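Next come the chains, spelled out residue by residue.
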Amino acid sequence: MKLVFLGPPGAGKGTIAVKAKDVYSIPHISTGDLFRENIRKETELGKKVKAILASGDLVPDEVTIAMVDNRLKEDDASAGFILDGFPRTIAQADALMEMTALDRVVNFVLDKEEIVKRLSGRRVCKSTGRTYHIIYNPPKVEGIDDETGEPLIQRDDDKEEAIRNRLEVYEASTAPLIDYYRQKGLLVDIDASKSPDEVLSSMVEALR
Ligand code: AMP
């Protein structure tokens with residue numbers, strides 16, 4: 001199954017992808033995670049994109065497309081994948097079409113007020129990328145990762161100014177992909193306002 005997860009930041013794409021990858025036995029490929037891993041390891045790519053991620057702007061298409069093209073050539077992606085956070089522009093979507101044919105594009109639908117609530121309450125474990133929410137999905141001990149015991153942090157781009165910018169970038173550059181994929185007959189709309197397990201099961205049902 002070759003899937004793209006589309007939707008605004010904070011709609012829960014990553015949370016659902018972590019669960020869905022086991023349902024379908026396919027890798028979860030998050031471009032945001034790949035960039036953050038490069039930043040953590042201080043690679044050349046990481047140095048190039050660090051300030052861009054902190055601001056909430058998009059990394060240039062050619063850099064992002066090359067990274068995804070390489071990742072999709074790895075063995076584990078040959079039978080299928082969940083692309084989370086890619087494509088985010090029409091140019092990226094055109095490039096993806098050249099790389100492979102998709103089965104479906106899942107569009108996670110959530111209103112703006114709820115998006116801001118989710119993003120501003122999100123906390124992450126820096127080393128594992130595991131995410132929590134201070135109200136909806138709190139850790140067992142406040143501010144501490146359940147498994148590693150490390151302190152949780154707030155992503156720079158989950159701070160108010162960057163959230164506003166990310167939503168503007170989403171509207172301007174990424175939302176047009178909804179029509180792009182609808183016209184190709186690939187789009188499946190999913191109500192993302194429910195709990196992760198409810199969202200997962202309605203998606204699995206819709207993809208059947
Ligand atoms: P995410 O974790 O998906 O919210 O992505 C975090 C940040 O990584 C975004 O705000 C962008 O700066 C960058 N990024 C992730 N995916 C892409 C993409 N497909 N194109 C450009 N920039 C991206």
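In what follows, the structure referred to is the one given above.
Here's what I pulled together on the structure shown here. (Residues numbered from 1 in each chain as written. Predicted model: local features only at pLDDT ≥ 70, side-chain atom pairs only at ≥ 80, totals over all residues. Heavy atoms only, no water.)

Things to note about helix α7 (residues 160–174)
Part 1: The terminal C-alpha atoms of α7, which comprises 15 residues, lie 20 Å apart, in line with the 21 Å expected from a rise of 1.5 Å per residue.
Part 2: Turning to α7, its buried residues number three or more, namely A162, I163, N165, R166, L167, V169, Y170 and T174.
Part 3: Turning to α7, the residues buried within the fold contact β1 (2–6), α3 (44–55), α6 (112–120), β5 (122–125) and α8 (176–183). (Helix = DSSP H or I, 4+ residues; strand = E, 2+ residues; numbered from the N terminus. Expected span 1.5 Å × (residues − 1). Buried < 20%, exposed > 50% of the residue type's maximum accessible area, 1.4 Å probe, protein only. Contact = heavy atoms within 4.5 Å.)

Overview of the pairing of strand β3 (residues 81–84)
Part 1: Of the two faces of β3, the one carrying F81 and L83 and the one carrying I82 and D84 are both buried.
Part 2: Pairing geometry for β1 and β3, over four bridges, is parallel. Within β3, the position partnered with L3 by the bridge is I82.
Part 3: By the bridge criterion, three bridges tie strand β2 (residues 28–30) to β3 in an arrangement that is parallel. Its bridge partner being in β3, I29 is matched across the sheet by L83. (Pairing = 2+ DSSP bridges.)

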